[in-house]
Amino acid sequence: MADRTPAAARAKRMLALLHRLGDGARIPLDDLAAEFGVGREELVRDLETLSICGVEPYDPLALVPLIIEDGEVRAFGELPALDLPVRLTAAEARALVTALETCGTPSDDPLVDKLMRAAAEDVSPEAFGRLVRAAAAPNGSLATYETAAAAVEAGEKLRIDYWSAGREGRTTRVVRPHALGNDRGVWYLSAYCENAGAERVFRLDRVRAMERTGETFERPVAPAPPTPAFTGAGLPTAEVLFSAEEEVSERDWPGASLEPQADGTTLARIPYSGSRWLARRVAARLGHARVLAPEPLRDAVRDLARETLGL
Amino acid sequence: MPPKGVRVSDALERLVNLAMFFANAAGPVTRHDVRAHVTGYPAEQDEAAFLRMFERDKEELLASGIVLTFEDIEGEPGYRLDRERTYGATVELAVEETATLRAVGTALVADPGYPWAEELRLALAKLMPEPVAGVAAGATVADEDPAAQGARVALLSAAADARKTVAFGYTTSAHVTAERTVDPYGLFLREGRWYVVGLDHGRGAERTFTVSRMLDLRANATKPRSPDFERPAAFNVAGYERLPFQYGDSPSEAVLRLTGEAAERAPALTGGAGSLEGEPDGSVIWRVPASGMRRLARWAVENGPGVELLEPVEAVEALREGLGEVVRSHG
């Protein structure tokens, strides 16, 4: 069966991998396949090809010393050449800088500086940032992200000082973090909240303080990364009527059902977890949206509008 | 068809052998040295075909980070591995830095809306001592057909790098579709959508295009090594990212006071637009150009609490009128 991946792409992977194949190295095949995003079969074929690569005289002492055994790649000798990591190309460096930008790392951050020592000399994160931007501004802080990522891997509880948009208030909680996820540029942490006694999803840019507690917990076997923070499952629903002039889309109201009316208005049924959050969004329509039900939410919208007016 | 019993080399084998040959050579080598000592170049290949293959292979090695220098060896081109420019420093990462790279890497390489997954995979493979796998992280940086957006951005990014003009069908917010020819200067991601900024040939001016509204995107394939345009030297894509109230003509300066929570998250909230000035009482004054007064008023309410609109007076009036209507309709 012909490989679908071009040889050049496969060569890039193998050349990137070589520095890990020092004498005695053992790497699970499944981990490598996941890292490169390829099927195990393709990976094994390429590793078998790699094992017959080397330098003259192309005898066993001059070839890449690897075997595949028991689901692992095992290195049993020294590499004949290219035993040091190859520098990141400009394209690879930019991919890395852009990826880190999404979690609050500006191009002049010390972490970026450190990583660029492994990149081609003419690479400039500042120049990248002038041409490609994956985040408009620090979206939360790198320190928060780093702490969360480390705690997720270690299965360690976190104490967080969190500002809730639904309640428009701050709370301190102890959480058991499961996974990190990004939805439309915003990073979230899914965790079991010990204060609430339930699963919760936290926006990292609303975390005011985060510290590792040093206390570990048993992690779920296969935690799912957080889905978009707002889904309708199990939530109360509000009925909101939007004026004919107002553009309404499911993208702006996740989980909502929208019913265009004969007069051009739109009746929306919107799930919500915090009344304050929805009240603010309705009030922000400045008269082009009106809550029909439930009554307490109508009161909340009116009260918020009065409060903002200083009445 | 090769003779029976003759093994046909995989191109992968040839490329890796070539890289190792250069890395192992004590001094400069010629093309004839390569042909004689690197397994993978077909013996029956004529000289012209070999040279073409060798030239392509050198480019592929460069694209992998293997850098060669050139020197003259008695009138013949010689090649030497540039070790300084090929081998990178080993980077020592703290535990939390490693966890960050593993999480953000795992999330983005699996996201079809992130256009540089393959490059990110390779970067992490070169940096990390162990495979990045088994991390609980995911991403959907772009909604509205993430795979299509990701593929288009990859093409636009390559075109912008090579300075090649692109063409595409484009549907505006007014639902009008027309063909556009654009020199792509830069790209940005905002709230789940990718955007490209470039010179619109038809309008003779810079425009910003929403990638999800493009159809049949293609880059100019003629003379691939010759740029079609020059990017303005001072171009910075950050200058094209706009908040919802910044679209339109004749901007005036808006002034808002941010307090409490809004003041604490001012950089993220303001998206880098305008200027922020801390006040002695802990509040932050934000001055920012604004074109849509009603959109500004809406933005101030939606992003509260702690966002007080001070100027211009038209926006403050729009806000008071609008909220007055809210009170009346919810009375």
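Every value quoted in this text rests on a predicted model; they were computed, and no experiment measured them.

Cut-offs applied
Residues numbered from 1 in each chain as written. Chains lettered and ligands numbered in written order. Predicted model: local features only at pLDDT ≥ 70, side-chain atom pairs only at ≥ 80, totals over all residues. Heavy atoms only, no water. pLDDT = per-residue confidence, 0-100. Contact = heavy atoms within 4.5 Å. Salt bridge = Lys/Arg side-chain N within 4 Å of Asp/Glu carboxyl O. Buried < 20%, exposed > 50% of the residue type's maximum accessible area, 1.4 Å probe, protein only. Helix = DSSP H or I, 4+ residues; strand = E, 2+ residues; numbered from the N terminus. Polar contact = N/O pair within 3.5 Å; in protein donor to acceptor, adjacent residues only side chain to side chain. Buried area = accessible area lost by both parts, 1.4 Å probe. Nonpolar A, V, L, I, M, F, W, Y, C, P; charged D, E, K, R; others polar. Pairing = 2+ DSSP bridges. Core = buried A, V, L, I, M, F, W, Y, C linked by side-chain atoms within 4.5 Å. Axes fitted to C-alpha atoms, helices over the stretch in contact; angles between N-to-C directions. Parallel < 35°, antiparallel > 145°, perpendicular 65-115°, else oblique. 1 Å grid on protein atoms, 1.4 Å probe; cavity = no way out; pocket = protein on both sides within 12 Å on 5 of 7 lines; lining within 4 Å. Points joined across faces, edges and corners; volume = space filled by probe spheres on them.

1. Overview of the confidence of the model for chain B
All names here are of chain B. For chain B, per-residue confidence averages 92 on the pLDDT scale, and residues scoring 70 or more make up 97% of the total. This model gives residues 1-6 a pLDDT under 50, and the stretch forms 1 contact once residues within four places in sequence are excluded. In the predicted assembly, ipTM is 0.91 and pTM is 0.91.

2. Notes on the pattern of salt bridges
Residues and elements named next belong to chain A. Summed over all chains, the structure comprises 61 salt bridges over all chains. Its salt-bridge partner being Asp70, residue Arg74 comes within 3.5 Å of it at the nearest N-O pair. For Arg74, a relative accessible area of 16% corresponds to the buried category. Here Arg302 makes a salt bridge to Asp303, at a shortest N to O gap of 3.7 Å. For Asp303, a relative accessible area of 40% gives the class partly exposed. Each of the salt bridges in this network shares a partner with another, and the network as a whole consists of Arg26, Glu69, Asp70, Glu72 and Arg74.

3. Topic: the side chain of Arg285 of chain A
Residue and element names in this part refer to chain A. By secondary structure assignment, the location of Arg285 is in the loop between helix H8 (275-283) and strand E13 (289-293). In this structure Arg285 comes out as buried when scored by relative accessible area, which is 8%. Engagement of the side chain of Arg285 in a polar contact is seen with the side chain of Glu246, the distance being 3.3 Å.

4. Considerations on the interface of chain B and chain A
The interface is formed by 116 residues belonging to chain B together with 110 residues belonging to chain A. Among the residues chain B hides against chain A, the three largest losses belong to Met20, Lys126 and His330 of chain B. Together they make up 8% of the total. For the interface between chain B and chain A, the tally reads 18 salt bridges. Notably, a salt bridge pairs Arg170 of chain A with Glu261 of chain B, separated by 3.5 Å at the nearest N-O pair. When residues in the side of chain B that touches chain A are grouped by element, the largest group, 11 residues, is from helix H1 (residues 11-24) of chain B. Across the side of chain B that touches chain A, the residue classes break down as 61 nonpolar, 24 polar and 31 charged. The pairing of strand E4 (residues 132-133) of chain A with strand E6 (residues 177-190) of chain B spans 2 bridges and is classified as parallel. In the sheet register, Val132 of chain A faces E6 of chain B, and the bridge partner there is Leu187 of chain B.

5. Observations regarding the nonpolar core
For soluble globular proteins, nonpolar side chains are generally found buried alongside one another. In this structure, Leu96 and Leu180 of chain A are the most contacted members of the largest nonpolar core, which totals 75 residues. Setting aside its immediate chain neighbours within four residues, Leu96 of chain A contacts Leu88, Leu115 and Met116 of chain A together with Leu101, Leu120, Ala123, Leu124 and Leu127 of chain B. One finds Ala11, Leu21 and Phe36 of chain A together with Leu122 of chain B within the second-largest nonpolar core, a separate group that totals 54 residues.

6. Description of the packing of helix H2 (residues 29-36) of chain A against helix H3 (residues 40-50) of chain A
Residues and elements named next belong to chain A. One can describe the packing of H2 onto H3 by two numbers: an axis separation of 9 Å at closest approach and a directional angle of 105°. Overall, the two elements H2 and H3 adopt an arrangement that is roughly perpendicular. Along the contact surface, H2 presents Leu29, Asp30, Leu32, Ala33 and Phe36, while H3 presents Arg40, Leu43, Val44 and Leu47. Residue composition of the contact of H2 with H3, by class: 7 nonpolar, no polar and 2 charged.

7. Looking at the layout of surface pockets
Taken as a whole, the second largest pocket spans an internal volume of roughly 820 Å³. If you trace the second largest pocket, you find 24 residues lining it, with Ala91 and Arg94 of chain A together with Ala158, Asp161 and Ala162 of chain B closest to the centre. Among the secondary structure elements, those contributing two or more residues to the lining of the second largest pocket are helix H4 (90-101) and helix H6 (125-131) of chain A together with helix H3 (47-64) and helix H7 (146-162) of chain B. Element by element, the count of residues in the lining of the second largest pocket is highest for H7 of chain B, at 6 residues.

8. Concerning the pairing of strand E7 (residues 193-200) of chain B
All names here are of chain B. Counting buried residues along E7, 6 of its 8 residues qualify, which places the element largely inside the surrounding structure. Pairing of E6 with E7 involves 8 bridges; the strand directions are antiparallel. By the bridge assignment for E7, Leu187 is matched with Val196. Here E6 folds back onto E7 in antiparallel fashion, the turn holding 2 residues, of which Glu191 has a positive phi close to 45°. Of the strand pairs in this sheet, E7 and strand E8 (residues 205-210) are connected by 6 bridges, and their pairing is antiparallel. Pairing of Leu199 across the sheet is with Glu206, part of E8. Between E7 and E8, which pair antiparallel and follow one another directly, the connecting turn spans 4 residues, one of which, Gly204, has a positive phi of 60°.

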